[in-house]
Amino acid sequence: MAEKKIRTIGVLTSGGDAPGMNAAIRAVVRRGLSTGLKVKGIYKGYSGLLNEEITDLTGKDVSDTIERGGTILYTARCAEMRTEEGQQQAVEICRKHGIDGLVVIGGDGSFAGAQKLANLGINTIGIPGTIDMDIACTEYTIGFDTAVNTAMQAIDKVRDTSTSHERCSIIEVMGRNAGYLALWCGIANGAEDVLIAEKYDYDEQNLINHIIESRKKGKKHHIIVNAEGVGHSEAMAKRIEAATGIETRATILGYMQRGGSPTCKDRVYASMMGALAVDLLAAGKTCRVVGYRHGEFVDFDINEALAMQKNVSQYMWEVCDSLSHNYDKNETSLKR
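The rules behind each value
- Residues numbered from 1 in each chain as written.
- Predicted model: local features only at pLDDT ≥ 70, side-chain atom pairs only at ≥ 80, totals over all residues.
- Heavy atoms only, no water.
- Phe/Tyr/Trp six-rings, centres within 6.5 Å; stacked < 30°, edge-to-face > 60°.
- Helix = DSSP H or I, 4+ residues; strand = E, 2+ residues; numbered from the N terminus.
- Buried < 20%, exposed > 50% of the residue type's maximum accessible area, 1.4 Å probe, protein only.
- Lys NZ or Arg CZ within 6 Å of the ring centre and 35° of its normal.
- Pairing = 2+ DSSP bridges.
- Axes fitted to C-alpha atoms, helices over the stretch in contact; angles between N-to-C directions.
- Contact = heavy atoms within 4.5 Å.
- Salt bridge = Lys/Arg side-chain N within 4 Å of Asp/Glu carboxyl O.
- Parallel < 35°, antiparallel > 145°, perpendicular 65-115°, else oblique.
- Left-handed = near helix turned anticlockwise from the far one by under 90°.
- Nonpolar A, V, L, I, M, F, W, Y, C, P; charged D, E, K, R; others polar.

*Asks:* I tried to follow the packing of aromatic side chains on my own but got confused; where do I start?
*Replies:* The description of two aromatic rings rests on the distance between their centres and on the angle between their planes. What the rule picks out here adds up to eight aromatic pairs. When the ring of Phe144 is compared with that of Trp184, the centres are 5.0 Å apart and the planes differ by 85 degrees; the resulting orientation is edge-to-face. Here Phe144 is found in helix α6 (residues 144-164), whereas its partner Trp184 is found in helix α7 (residues 180-188), with 40 residues between them in sequence. For Phe144, a relative accessible area of 1% puts it in the buried group. Where Tyr200 meets Tyr202, the ring centres are 4.6 Å apart and the plane angle is 45 degrees; that geometry is what we call tilted. Within the aromatic cluster, the residues linked to one another by ring pairs are Tyr140, Phe144, Trp184, Tyr269, Tyr292 and Phe297. Between the NZ or CZ atom of Lys310 and the centre of the ring of Tyr180, over which it lies, the distance is 5.0 Å.

Quick look at the structure:
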């Protein structure tokens, strides 16, 4: 039976850290132990795997971790895992330590490594842990809710001082090339403009015209949420101030969005995904990615998952755009 094939599982976190990763680790450990499996923690992602930084984990080892941000297993990026030699070495180390199944918590880069290991015979399950929410097979990724709330609260604070000084403020949020953090903050914070790589046409004059028109209508501040994929907020602020005469400041939120105690949603979703990953391994499954779709926790073939494309919701973008302007029924709506 499949249960006899899997005796020991390993768990690692790879790539950028995300709030809720510890909840996922805790779930993997405790679900694994309750299923009769041994669980080994692998420190520092694939780099730690190649360096054999591996230890046995008990239920006590993950006590009082669910509320902590970051990852107790630490994380790192590993160029060696992109090579055939590194991948083969990782397989040999797994076998040396008796690891029959591996749970990889991370983003698409981490899943690419998991895909290689699965193709080389290691039973591997991926859990989506990234604040960017850019993994196409799932509607949700661990860490997004905490990160977007962190960014939202920071932008609220910037708005206070921006209003006091009658400034234009550009707040840059993370997300790599994905605009989900910026789009959600744009709606949640009532931003006057939202710039995301998926939709921004880089017509800065249109943006400047919008700022000027808003000021004419009596706006005392102007909030621009800028996605990391567009970036260059400092230079943009200087150009806008020169063109409008309005004091303009850039705030780059940066890595603060990765930290902090995870929200209830991140803790629960991470726990469910971690438990499902163990259940899949115990059932003899491999080369899978755990996800969340249509209210259910599900799994996908990792090859199919990596081939999927994810796009920003057109309707959500249109709603964001329509809510961002000071409309007057007797006036023509402002165009970007």
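The discussion continues.
*Asks:* Help me understand the sheet that holds strand β7 (residues 193-195), please; the structure alone is not making it clear to me.
*Replies:* Note on sheets: strands pair through backbone hydrogen bonds, and any given pair is parallel or antiparallel. Judged by pairing direction, the sheet is parallel, and its four strands sit side by side in the order β7-β8-β6-β9 without closing on themselves. What marks the edges here is a single partner per strand, and that holds for β7 and β9 (248-252). On average, each strand axis in the sheet is tilted by 15 degrees relative to the strand beside it, whichever way the strands run. Looking at chain direction, strand β6 (residues 168-173) and strand β8 (residues 222-227) are connected through six bridges and run parallel. Looking at β8, one finds that Ile171 is bridged to Val225. Across the sheet, helix α8 (residues 204-216) lies against β6, β7 and β8, angled at about 155 degrees from β8, the strand it touches most.

*Asks:* I tried to follow the sheet that holds strand β3 (residues 54-56) on my own but got confused; where do I start?
*Replies:* Overall, mixed pairing links the seven strands, which are arranged β3-β2-β1-β4-β5-β10-β11 in an open sheet. Of all the strands in the sheet, the pair left with one neighbour each is β3 and β11 (296-301). The average undirected angle you get between the axes of adjacent strands in this sheet is 25 degrees. The pairing of strand β2 (residues 38-42) with β3 spans three bridges and is antiparallel. In the strand pairing of β3, Ile42 is matched with Ile54. On the sheet, helix α2 (residues 21-34) packs against β1 (8-13), β2, β4 (101-106) and β5 (123-128) and is oriented at approximately 165 degrees with respect to β4.

*Asks:* What is the right way to read the pattern of salt bridges from this model?
*Replies:* Think of it this way: side chains of opposite charge can pair up when their charged atoms draw near. Evaluation of the coordinates by the stated rule reveals 15 salt bridges. Two residues, Glu166 and Lys220, come together in a salt bridge whose shortest N-O distance is 3.8 Å. Of the two residues, Glu166 is situated in the loop between α6 and β6 and Lys220 in the loop between α8 and β8; the sequence distance between them amounts to 54 residues. For Glu166, a relative accessible area of 38% gives the class partly exposed. Given the relative accessible area of 47%, Lys220 is considered partly exposed. Close ionic contact of Glu213 with Lys216 constitutes a salt bridge, the shortest N to O distance being 3.8 Å.

*Asks:* Can you help me understand the packing of α6 against α7 in this one?
*Replies:* At their nearest, the axes of α6 and α7 sit 10 Å apart, and the two run at 50 degrees to each other. By the angle between their axes, α6 is oblique relative to α7. You can see that α6 and α7 cross each other, and the crossing is right-handed. Taking contact as the criterion, the partners of Phe144, Ala147, Val148, Ala151, Met152 and Ile155 in α6 are, on α7, Tyr180, Leu181, Trp184, Cys185 and Ala188. In the contact of α6 with α7, the residues fall into 11 nonpolar, no polar and no charged.

Geometric descriptors of this kind do not, in isolation, establish any biological role.
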